[in-house]
Amino acid sequence: MVIVLKNDASESEKKNIKNLLKSKNFKINEVKGEESTILAAVGKLSMDVREVEVLPGVEKVVPISKPYKLASREFKPENSIIEIQNNRGQIIRVGGSRLVSIGGPCAVESREQMLAAAAAVSAAGATMLRGGAYKPRTSPYAFQGLGEEGLKYLKEAGDKYGLPVVTEIVAAEYIPLMEDNGVDVYQVGARNMQNFELLKRLGKLGKPVILKRGLCATIQEWLMSAEYLLSSGTDKVILCERGIRTYETATRNTLDLSAIPVLRSLTHLPIIVDPSHAVGVRDKIPPMALAALAAGADGIIVEVHCHPEQALSDAAQALYPEQFDKIMRDMEALAPVIGKQVAHIRSERKTSPTQSIQSTQESKKNGTDEKIKCAFSGKKGAYAEQAVINFFDDSAEAVEVNSFDEIFQQVVDGKVQYGMIPIENSTAGSIYNNYDNLTRYEDVSIVGAVTIRIEHSLLAPKGATLQTVKNVYSHPQGLAQCSNFIKNHGYHCVDTVSTATGAQLVASKGELENAAICNARNAEIWGLEVLQQGIENNPNNYTRFVIIAANHVGSEPLQFEEKKPNRASILFTTKNEAGALYDALGVFKNANLSMNRLESRPIAGKPWKYWFYSDVVIQNDVANPKEFIADFKEKLKKVAEDIRVLGIYSE
Ligand code: PEP
Ligand code: MN
């Protein structure tokens, strides 16, 4: 049932209602809406709704109309995201804004075959590895799988590449064996979708389950099976459309793409698609994989074999690694079109950020040269590179990338440990794009901040003087910030994409009439001379950067240094009601947190809803800043909605 609370229901009334429901073993999901709060409650026992209706604070009680309750959107309006952890401490999320891909053979056949398949799908960019150790074959004479030996090969291959493993469970008796062998995701095959005893046992385990659609199952029957899993204790169910039986014989089954949007409206569960078993013919798989993603699937599961012609099962539908690679490339191209990104496995990181800084210092002492990496947007000589040098005191390699988005992506993918993100310029204002990136990339933390002075210089080839120069090259902002100097000398302005690009261009032309306005560091980089330093109109020109890192497991904000933190960055949303922000700010005041910054940004997809971004100063007398902020977060929860501590750091 859905219990709509009165607008003025008090916390104690709400608690009272929850207590009654809990005493009757109901599962409760609280949903705070714009206008009112609802409690969705599902229990195995039926209950007279009047018992709830009469409670203080209750506006009305509406039964959940669908036969599946916990799986329904009525129970949980927002999409569920299933988190799966790999052996590198990374969390892969199914159902969020990133598309996942599961690749691997139909069946585990040998150690070599599995290692080769894992290498191939990992190189193509898969996020999980599949392989059946117990195969439900139509004929009892066909290959039945390697059993436990197969599980071991699968796990070894997955671990080698940081890929969680997905394998089919055909009977509950195999659960202990599969647990012992580290199965990350349990697949319930089409033939077992209505094996209710298996579903009940598996649900109790609480591990992620991929529930395939039965060969002849309706969407409702399928969701009822999901309900079996959910009502047995797990909340980690992923639905997988894999084709249904129709009168058509040209393909193995008929892929029911329309099930995706239908499911989206009926359930909050993530949906993936298996085009391999759906069409059964190798060359028909790639277009259906892309169509599934375009139709809204959260990911795909595809059969891949290094030697398909030798595959012991489902040979006709096994993709060559090159075909899978092509799907993955197409997926990268498709993702931005449908407003998503592609999930990637982070490259192996053996150390935490604190450790890596220390080990870098140690390796410097030992004369070894293994530097940590920090990405920045732009070229060598850019102010962001200067920020990397300043912050890391030369112990990090500054890695050039082409956009702010790419910095976040590289950090999340583990290609670099850190990213240098400009957040505000003292004259040009906030860099909104990066506030939005901080809200969008849920698995990064702010681990530090650095402010650098933007001091522009005029650089030109050797031999040039202020008098020989006629044209000045720079980013439009660089030109605007030095407009007085340019006007006084009567120079002609040429726009470039960045200040460093201007320097590069001037150096490559090598003419005495061209000069660049940029950071003086470019002189050394491009072989130019500094004609004049400090030419900006306003010498008080600063840019503040934050340093980001990918969260490790557990989503505690990362810390860069052991130093006691004195700053925190916090994101929160408020209810859409009078005084909501005022109430939230009261919590900051009571905690004696002074605010350096408060920004509001629209939330994508939710018109007129806003994130508030705040930087606060943690006072010196706070003994344990981490505990202090955790406690503050609890208090803020009472008046604000989504709260994310982006980072606790020293500045
Ligand atoms: C499989 O994934 O190998 C499989 C047997 O799939 P399905 O249950 O969809 O036939
Ligand atoms: Mn198969």
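Above this text is the structure in question.
In short, a report on the structure. Keep in mind the model is a prediction, meaning the values are calculated, not measured.

### What to know about the site of ligand 1
So, step 1. Cys 106, Arg 130, Lys 135, Glu 168, Gln 187, Gly 189, Ala 190, Arg 191, Lys 212, Arg 242, His 277 and Glu 303 make up every residue found near ligand 1.
So, step 2. Between ligand 1 and Lys 135, the relevant distance is 2.9 Å, taken from an oxygen atom to a side-chain nitrogen or oxygen of the residue.
So, step 3. Here an oxygen atom of ligand 1 sits 2.6 Å away from a polar atom, N or O, in the side chain of Arg 242.
So, step 4. Against a free-state accessible area of 290 Å², the protein chains account for coverage of 97% of ligand 1.
So, step 5. Its residues assigned to classes, the shell around ligand 1 comprises two nonpolar, three polar and seven charged.

### Focus on the environment of Thr 37
So, step 1. Looking at the secondary structure, you find Thr 37 in strand S3 (residues 37-42).
So, step 2. C-alpha separation for the pair Thr 37 and Gln 187, spaced 150 residues apart in sequence, amounts to 36 Å.
So, step 3. Excluding residues that lie within four positions of it along the chain, Thr 37 makes contacts with Ile 3, Val 4, Leu 5, Glu 30, Val 31 and Lys 32.

### A few points about the layout of surface pockets
So, step 1. In this structure, the second largest pocket spans a volume of roughly 630 Å³.
So, step 2. Lining the second largest pocket are 27 residues, with Tyr 383, Phe 404, Pro 422, His 475 and Gln 477 positioned closest to its centre.
So, step 3. Every element with two or more residues in the lining of the second largest pocket is listed here: strand S16 (372-377), helix H13 (383-392), helix H14 (404-412), strand S18 (418-425), helix H16 (476-481) and strand S26 (542-550).
So, step 4. When grouped by side-chain class, the residues that make up the lining of the second largest pocket number 13 nonpolar, 14 polar and no charged.

### Points about the coordination of the manganese ion (ligand 2)
So, step 1. Summarising the metal site, the manganese ion (ligand 2) is bound by the protein donors Cys 106 (SG), His 277 (NE2), Glu 303 (OE) and Asp 314 (OD), whose distances to it range over 2.0 to 2.3 Å.
So, step 2. Between consecutive donor residues of the manganese ion (ligand 2), the sequence gaps follow C-x170-H-x25-E-x10-D. One end of the pair, Cys 106, is in the loop between strand S7 (98-104) and helix H3 (111-124); the other, Glu 303, is in strand S14 (residues 299-303), with 197 residues separating them in the sequence. Each member of the pair, Cys 106 together with Glu 303, is buried.

### Overview of unusual backbone geometry
So, step 1. The phi torsion at Asn 25 lies on the positive side, around 65°, for a residue other than glycine.
So, step 2. Counting through the fold element by element, Asn 25 comes out in the loop between helix H1 (11-23) and strand S2 (27-32).
So, step 3. One non-glycine residue, Asn 592, lies in the positive phi region at around 60°.
So, step 4. Among the secondary structure elements, Asn 592 is positioned in the loop between helix H20 (580-590) and strand S28 (594-603).

### Overview of the pairing of strand S24 (residues 514-518)
So, step 1. When you tally the buried positions in S24, you get five out of five residues, the bulk of the element.
So, step 2. Here S24 shows no split at all, with Asn 514, Ala 516 and Cys 518 on one side and Ala 515 and Ile 517 on the other all buried.
So, step 3. Note: strand S21 (residues 457-460) against S24, three bridges, orientation antiparallel. Bridging from a neighbouring strand, Ser 457 pairs with Cys 518 of S24.
So, step 4. The sheet contact formed by strand S22 (residues 471-474) and S24 spans three bridges and is parallel. Each residue of the ladder has a partner; that of Asn 471, found in S24, is Asn 514.

### A look at the pairing of strand S29 (residues 606-617)
So, step 1. Pairing of strand S27 (residues 567-574) with S29, which is carried by six bridges, proceeds in the antiparallel orientation. Within the sheet, the bridge partner assigned to Leu 571 lies in S29 and is Tyr 613.
So, step 2. Pairing between S28 and S29: nine bridges, direction antiparallel. By the bridge assignment for S29, Met 595 is matched with Val 616.

### What to know about the side chain of Ser 430
So, step 1. Within the secondary structure, Ser 430 is located in strand S19 (residues 429-430).
So, step 2. With relative accessibility at 16%, the residue Ser 430 sits in the buried group.
So, step 3. Here Arg 597 takes part through its side chain, which lies 2.5 Å from a polar atom of the side chain of Ser 430.
So, step 4. Among the polar contacts listed, one links the side chain of Ser 430 to the side chain of Glu 599, at a separation of 2.6 Å.
So, step 5. Those residues in contact with Ser 430, other than ones at most four positions away along the chain, are Ile 423, Glu 424, Tyr 435, Arg 597 and Glu 599.

### Concerning the pattern of salt bridges
So, step 1. Counted under the stated rule, the structure contains 37 salt bridges.
So, step 2. In this structure, Glu 385 engages Arg 521 in a salt bridge whose closest nitrogen and oxygen atoms are separated by 2.6 Å. Of this pair, Glu 385 sits in helix H13 while Arg 521 sits in helix H19 (residues 521-526), and the two are 136 residues apart along the sequence.
So, step 3. Given the relative accessible area of 3%, Glu 385 is considered buried.
So, step 4. Residue Arg 521 is classed as partly exposed on the basis of its relative accessible area, which comes to 24%.
So, step 5. The structure contains a network of salt bridges with shared partners spanning Glu 11, Lys 14, Lys 18 and Glu 30.

### Some points on the packing of H14 against helix H15 (residues 432-440)
So, step 1. Their axes nearest at 10 Å, the elements H14 and H15 cross at an angle of 25°. The pairing of H14 with H15 is recorded here as roughly parallel in orientation. As for how H14 packs across H15, the hand of that crossing is right-handed. Counting all contacts with H14, which are made through Phe 404, Asp 405 and Phe 408, the residues of H15 involved are Asn 433, Asn 434, Asn 437, Leu 438 and Arg 440.
So, step 2. For the contact of H14 with H15, the class distribution of residues is three nonpolar, three polar and two charged.

About the criteria used
- Residues numbered from 1 in each chain as written.
- Chains lettered and ligands numbered in written order.
- Predicted model: local features only at pLDDT ≥ 70, side-chain atom pairs only at ≥ 80, totals over all residues.
- Heavy atoms only, no water.
- Near = heavy atom within 4 Å.
- Polar contact = N/O pair within 3.5 Å; in protein donor to acceptor, adjacent residues only side chain to side chain.
- Areas by Shrake-Rupley, 256 points an atom, 1.4 Å probe, with all protein chains shown as cover.
- Nonpolar A, V, L, I, M, F, W, Y, C, P; charged D, E, K, R; others polar.
- Helix = DSSP H or I, 4+ residues; strand = E, 2+ residues; numbered from the N terminus.
- Contact = heavy atoms within 4.5 Å.
- 1 Å grid on protein atoms, 1.4 Å probe; cavity = no way out; pocket = protein on both sides within 12 Å on 5 of 7 lines; lining within 4 Å.
- Points joined across faces, edges and corners; volume = space filled by probe spheres on them.
- Donors = N, O, S within 2.8 Å, 3.2 Å for Na, K, Ca; no water.
- Buried < 20%, exposed > 50% of the residue type's maximum accessible area, 1.4 Å probe, protein only.
- Pairing = 2+ DSSP bridges.
- Salt bridge = Lys/Arg side-chain N within 4 Å of Asp/Glu carboxyl O.
- Axes fitted to C-alpha atoms, helices over the stretch in contact; angles between N-to-C directions.
- Parallel < 35°, antiparallel > 145°, perpendicular 65-115°, else oblique.
- Left-handed = near helix turned anticlockwise from the far one by under 90°.

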